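# Summary of the model geometry
Listed here are the chains, written in short residue letters.
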Amino acid sequence: MGRWILFLGLTLGAVLSVQAGSMTDQIAALEAHKQTTPSPVASHATNAFTDRYQLVLFYMQHCSHCQRFDPILRQVADQGGLSVFAYTLDGGTLPSFPNAVPAPPSVIHTFFQQGIPIATPTLFMVNVNTLKSVLISQGEVGEGQLNARLHQFFEYAKRGLI
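Summary of the structure given here. Just so you know, these numbers come straight off a predicted model, no measurement behind them.

### What about the packing of aromatic side chains?
- Within this structure, the stated rule accounts for nine aromatic pairs.
- Measuring from ring centre to ring centre gives 5.0 Å for Tyr53 and Phe153, while their planes differ by 90 degrees; the resulting arrangement is edge-to-face. Placement of the pair is Tyr53 in strand β1 (residues 53-59) and Phe153 in helix α6 (residues 143-158), with a sequence separation of 100 residues.
- The exposure class assigned to Phe153 is buried, which follows from its relative accessible area of 3%.
- With 6.0 Å between their ring centres and 85 degrees between their planes, Phe58 and Phe124 make a pair best called edge-to-face. One end of the pair, Phe58, is in strand β1; the other, Phe124, is in strand β4 (residues 122-127), with 66 residues separating them in the sequence. In this structure, Phe58 and Phe124 share a single accessibility class: buried.

This is the structure in structure tokens:
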């Protein structure tokens, strides 16, 4: 009986060791893939686009959606080489945008026209040459949604539709 338990213990230990090794290898492969997979935005945000377009963010410091969106926007913008100009609606700052500018009424009126409600966070893409703006998102969106919307914007921009 003791030998059977010893045999079972050694067999089970070997199986668990092999599974743990393969699990570790799988995790390492996933992590390596995450580091080498380019952002969908980065593939479209070429210098021609990053020189011509800039993201404009409207937020409020105490808005919980803005606080959660802050690191997502920073990461996506950094990966895509996009600059972000931040306007604060309440005079506060967010960790990624400590130098935000208080939004004057004229700027609020310019961006939030044609039925766009004043809500936070709100993200626009602006052509720096024509000052034409396109609404990218309103409210909290995840990294995948933001990347998809920016990808769609750059597809339209490449076709000259924006």
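### Regarding the nonpolar core
- Formed by 25 residues in total, the largest nonpolar core has its most connected members in Leu55, Leu57, Leu73, Leu123, Met125, Leu146 and Leu150.
- Apart from the residues lying within four places of it in its own chain, the contact partners of Leu55 are Leu73, Ala77, Leu82, Ser83, Val84, Phe85, Leu123, Phe124, Met125 and Leu150.
- Among the nonpolar cores identified, the runner-up in size contains ten residues, and Val107, Phe111, Phe124 and Val126 belong to it.

### A closer look at the pattern of salt bridges
- Taken as a whole, this structure holds four salt bridges when the rule is applied.
- Close ionic contact of Glu140 with Arg68 constitutes a salt bridge, the shortest N to O distance being 2.9 Å. One end of the pair, Glu140, is in the loop between β5 (133-138) and α6; the other, Arg68, is in helix α4 (residues 64-80), and 72 residues separate them in sequence.
- Arg74 is paired through a salt bridge with Asp78; the nearest N and O atoms lie 3.0 Å apart. Residue Arg74 and its partner Asp78 are located together in helix α4, separated by four residues, close to a single helical turn.

### Some remarks on the sheet that holds β1
- One open sheet accounts for five strands, arranged β3-β2-β1-β4-β5; its pairing is mixed. The sheet is open, and its two borders are formed by β3 (101-102) and β5, each paired with just one other strand.
- In terms of strand pairing, β4 meets β5 through five bridges, oriented antiparallel. Looking across to β5, one finds that Leu123 is bridged to Ser137.
- Across the sheet, α4 touches β1, β2 (84-88), β4 and β5, and the angle it forms with β1 is around 170 degrees.
- Each of β1, β4 and β5 is contacted by α6, which is oriented at about 165 degrees to β5, the strand it contacts most.

Reading the values: rules and limits
Residues numbered from 1 in each chain as written. Predicted model: local features only at pLDDT ≥ 70, side-chain atom pairs only at ≥ 80, totals over all residues. Heavy atoms only, no water. Phe/Tyr/Trp six-rings, centres within 6.5 Å; stacked < 30°, edge-to-face > 60°. Helix = DSSP H or I, 4+ residues; strand = E, 2+ residues; numbered from the N terminus. Buried < 20%, exposed > 50% of the residue type's maximum accessible area, 1.4 Å probe, protein only. Core = buried A, V, L, I, M, F, W, Y, C linked by side-chain atoms within 4.5 Å. Contact = heavy atoms within 4.5 Å. Salt bridge = Lys/Arg side-chain N within 4 Å of Asp/Glu carboxyl O. Pairing = 2+ DSSP bridges. Axes fitted to C-alpha atoms, helices over the stretch in contact; angles between N-to-C directions.

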